[in-house]
Amino acid sequence: MPENNLPELRDIHLPDGVSAFPPAYGWWIMLLSILAVIAMAYLFMLVRRKSKKIYALHLLNNIYCNNSIPAVIEMSAILRRICVFKYKEATSLSGADWLSFLNSKAKKQLTGKPAELLISAPYIPHNSKGFSREDVVKIRQFCREWIGENL
């Protein structure tokens, strides 16, 4: 006698599909690590940009104004080094062209006797007394502001 066990059978139910959300912990870690790398790259670029400005200002502060002509030559050299980095077209300028380029990139213009000193400093004998210490201080202030605006 065969037993009739068909009434005890039930339909097969398939499980629900696997949802993509919420993502597993591994995906969250991957997302956070990518965001961390992007943030570190941004900070690196920011520090690198600020360090050039800090280094240039440090060089400017280490110039002693006892003898005005060599101090102005060193200040002009710092500005030229910045131009080699940022403004390639200004590396070959000299004289009035150099001064007009610097003034075009600054909010406050350098004029008068300090401007004349900046233009002619490489050609003046180092022991010349034609320019005062105040002219050098004005040039230093101009350089500080120019570095702050352009780096």
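Residues numbered from 1 in each chain as written. Predicted model: local features only at pLDDT ≥ 70, side-chain atom pairs only at ≥ 80, totals over all residues. Heavy atoms only, no water.

Asker: Hey, could you go over the packing of aromatic side chains for me, with residue numbers and the actual values?
Answerer: Tallying each qualifying case throughout the model produces three aromatic pairs. Both rings, one in Tyr87 and one in Phe101, keep their centres 5.4 Å apart while their planes meet at 75 degrees; by these two values the pair is edge-to-face. Of this pair, Tyr87 sits in the loop between helix 2 (68-86) and helix 3 (96-104) while Phe101 sits in helix 3, and the two are 14 residues apart along the sequence. Accessibility expressed as a relative area gives 11% for Tyr87, which makes it buried. (Phe/Tyr/Trp six-rings, centres within 6.5 Å; stacked < 30°, edge-to-face > 60°. Helix = DSSP H or I, 4+ residues; strand = E, 2+ residues; numbered from the N terminus. Buried < 20%, exposed > 50% of the residue type's maximum accessible area, 1.4 Å probe, protein only.)

Asker: Break down the nonpolar core for me, with residues and values.
Answerer: By size, the foremost hydrophobic cluster in this structure holds 33 residues, and its most contacted members are Met75, Phe101, Leu102, Leu117, Ile139, Trp146 and Ile147. Going through the elements one at a time, helix 1 (25-61), helix 2, helix 3, helix 4 (112-120) and helix 5 (133-150) are the ones with two or more residues in this core. By residue number, the principal contributor to this core is helix 2, which donates eight residues. Excluding anything up to four places from it in sequence, Trp146 contacts Leu79, Ile82, Cys83, Tyr87, Phe101, Leu102, Lys105 and Ala106. (Core = buried A, V, L, I, M, F, W, Y, C linked by side-chain atoms within 4.5 Å. Contact = heavy atoms within 4.5 Å.)

Asker: Any details on helix 5? Residues and values, ideally.
Answerer: With 18 residues, helix 5 should reach 26 Å at 1.5 Å per residue; the first-to-last C-alpha distance of 26 Å fits that figure. Listed as buried for helix 5 are Asp135, Val136, Ile139, Arg140, Phe142, Cys143, Trp146, Ile147 and Asn150. Angular distribution of buried residues about the axis of helix 5 spans 165 degrees; they occupy a single face of the element. The exposed set on the far side of helix 5, more than 90 degrees from its buried face, consists of Arg133, Glu134 and Lys138. In this structure, the buried side of helix 5 is in contact with helix 1, helix 2, helix 3 and helix 4. (Expected span 1.5 Å × (residues − 1). Arc of directions from axis to C-beta.)

Asker: Give me the side chain of Asn103: which residues, what numbers.
Answerer: Here Asn103 shows up in helix 3. When neighbours within four sequence positions are excluded, Asn103 is seen to be in contact with Gln109, Leu110 and Phe142.

Asker: Run through the layout of surface pockets, naming residues and quoting values.
Answerer: What the largest pocket holds in volume is close to 180 Å³. Surrounding the largest pocket, Lys52, Tyr55, Ala56, Leu59, Ile78, Arg81, Ile82, Phe85 and Leu151 form its lining. Taken together, the elements giving at least two residues each to the lining of the largest pocket come down to helix 1 and helix 2. (1 Å grid on protein atoms, 1.4 Å probe; cavity = no way out; pocket = protein on both sides within 12 Å on 5 of 7 lines; lining within 4 Å. Points joined across faces, edges and corners; volume = space filled by probe spheres on them.)

Asker: Got a sec to walk through the state of the cysteines? Specific residues and values, please.
Answerer: Here is the idea: a disulfide is a covalent bond, and it sits between the sulfur atoms of two cysteines. This model, assessed by the stated rule, comprises zero disulfides. No disulfide involves Cys83; its sulfur sits 11 Å from the nearest other cysteine sulfur, which is in Cys143. Cys83 gets classed as buried once you look at its relative accessible area, which sits at 1%. Judged by relative accessible area, Cys143 falls into the buried class, the value being 1%. (Disulfide = S-S within 2.5 Å.)

Asker: For the side chain of Lys53, give the residues involved together with the corresponding values.
Answerer: Counting through the fold element by element, Lys53 comes out in helix 1. Buried and unpaired, Lys53 has Glu149 as its nearest opposite-charge partner, separated by 9.9 Å. In this structure the side chain of Lys53 is engaged in a polar contact, spanning 3.4 Å, whose partner is the backbone oxygen of Gly148. Contacts of Lys53, omitting those with residues within four sequence positions, involve Ile147, Gly148 and Leu151. (Lys, Arg positive; Asp, Glu negative; His and termini not counted. Salt bridge = Lys/Arg side-chain N within 4 Å of Asp/Glu carboxyl O. Polar contact = N/O pair within 3.5 Å; in protein donor to acceptor, adjacent residues only side chain to side chain.)

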